[in-house]
Every structure is written in structure tokens, then in C-alpha cells.
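So you can see what is in the structure, the chains are spelled out below.
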Amino acid sequence: MYSTPWCGYCHRLKSQLDREGIAFDMVDIEAQPEAAQIVEKANNGNQTVPTLVYSDGSAQTNPSLAQVKEKLASLA
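Presented here is a report on the structure given in the accompanying data block. What you see is a predicted model, and the numbers here were worked out from it, not measured in a lab.

Reading the values: the criteria
- Throughout, a residue's number is its position along its own chain's written sequence, starting from 1.
- Side-chain atom pairs in this predicted model are given and counted only at pLDDT of 80 or more, local residue features only at pLDDT of at least 70, and totals for whole chains, interfaces and linings cover all residues.
- Only heavy atoms go into the side-chain values, all of them from the structure, while hydrogens and water stay out.
- Buried means the residue's accessible area, taken with a 1.4 Å probe over protein chains only, is under 20% of the maximum for its type, while exposed means over 50%, and partly exposed covers the values in between.
- Starting at the N terminus, helices and strands are each numbered in turn, a helix being any DSSP run of H or I of at least four residues and a strand any DSSP run of E of at least two.
- It is the directions from the helix axis to the C-beta atoms that the arc portrays.
- In this analysis, two residues are considered to be in contact whenever any of their non-hydrogen atoms come within 4.5 Å of each other.
- By nonpolar core is meant a set of buried Ala, Val, Leu, Ile, Met, Phe, Trp, Tyr and Cys residues that side-chain atoms within 4.5 Å join together.
- Each salt bridge in this description consists of a side-chain nitrogen of Lys or Arg and a carboxyl oxygen of Asp or Glu lying within 4 Å of one another.

If you check which residues of helix 3 (residues 65-75) are buried, you get Leu-65, Val-68 and Lys-71. Down the axis of helix 3, the buried side of the element spans an arc of 130 degrees, and every buried residue falls inside it. Turned more than 90 degrees away from the buried face of helix 3 sit Ala-66, Glu-70, Ala-73 and Ser-74, all of them exposed. Here the buried face of helix 3 lies against helix 1 (8-20), strand 3 (51-53) and strand 4 (59-61).

Within the largest apolar cluster, 17 residues are counted, with the highest numbers of intra-cluster contacts made by Leu-17 and Ile-29. The set of elements that each furnish at least two residues to this core consists of helix 1, helix 2 (33-42) and helix 3. If we skip the residues at most four places from it in the chain, Leu-17 touches Met-1, Ile-22, Phe-24, Leu-65 and Val-68.

Looking now at the pattern of salt bridges. What the rule picks out here adds up to three salt bridges. A salt bridge links Asp-18 to Lys-14, with the shortest nitrogen-to-oxygen separation between them at 2.8 Å. Separated by four residues within a single helix, Asp-18 and Lys-14 lie in helix 1, roughly one turn from each other.

Right, let's get into unusual backbone geometry. Put simply, Val-49 and Pro-50 share a cis peptide bond, and its omega is 0 degrees. One non-glycine residue, Asn-44, adopts positive backbone phi at about 50 degrees. Structurally, Asn-44 can be placed in the loop between helix 2 and strand 3. Phi at Asn-62 is positive, roughly 50 degrees, even though this residue is not glycine.

All quantities given are derived from atomic positions and should not be read as evidence of function.
Written as C-alpha cells, this is what we have:
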């Protein structure tokens, strides 16, 4: 999950994923400029977070927990 420390949507999704036992890596785009470029590429030049990038290379921006679970199920 690409995020920023001050992003409320990121904190909410992180809590939901933790509660569901879904493992993920957290990447702060403010601390890692190369990560910000990945987020911009996925969001038409915008640094919109949370952005999740999956093993198949696809991305979701500010997804719901249900959307994340659906995507992970499709990758399994």
C-alpha cells in the first residue's frame, strides 16, 4: 500500500486489512520519491493514496476492503 502518514483513508484501509489478516507492505511516498512516481503512474500523474499495486501489475486507488478482497481472490 502506497500511502502518506497523514492520510485518513490510508489509516482506515490499513486497519481493515490488519483486522482481516491481509498482509501488505506500507510505503510512504513522501519518504521515498521513487514510490511517488509509481503512484503517479497508476493515477494519471496524481499522488493519490492509498494506492495498492498487485502482483499482476494492476493497481487500485482508495479501494474498499471488499474490492481488495475480490482482487486478491482473483489472483489466488
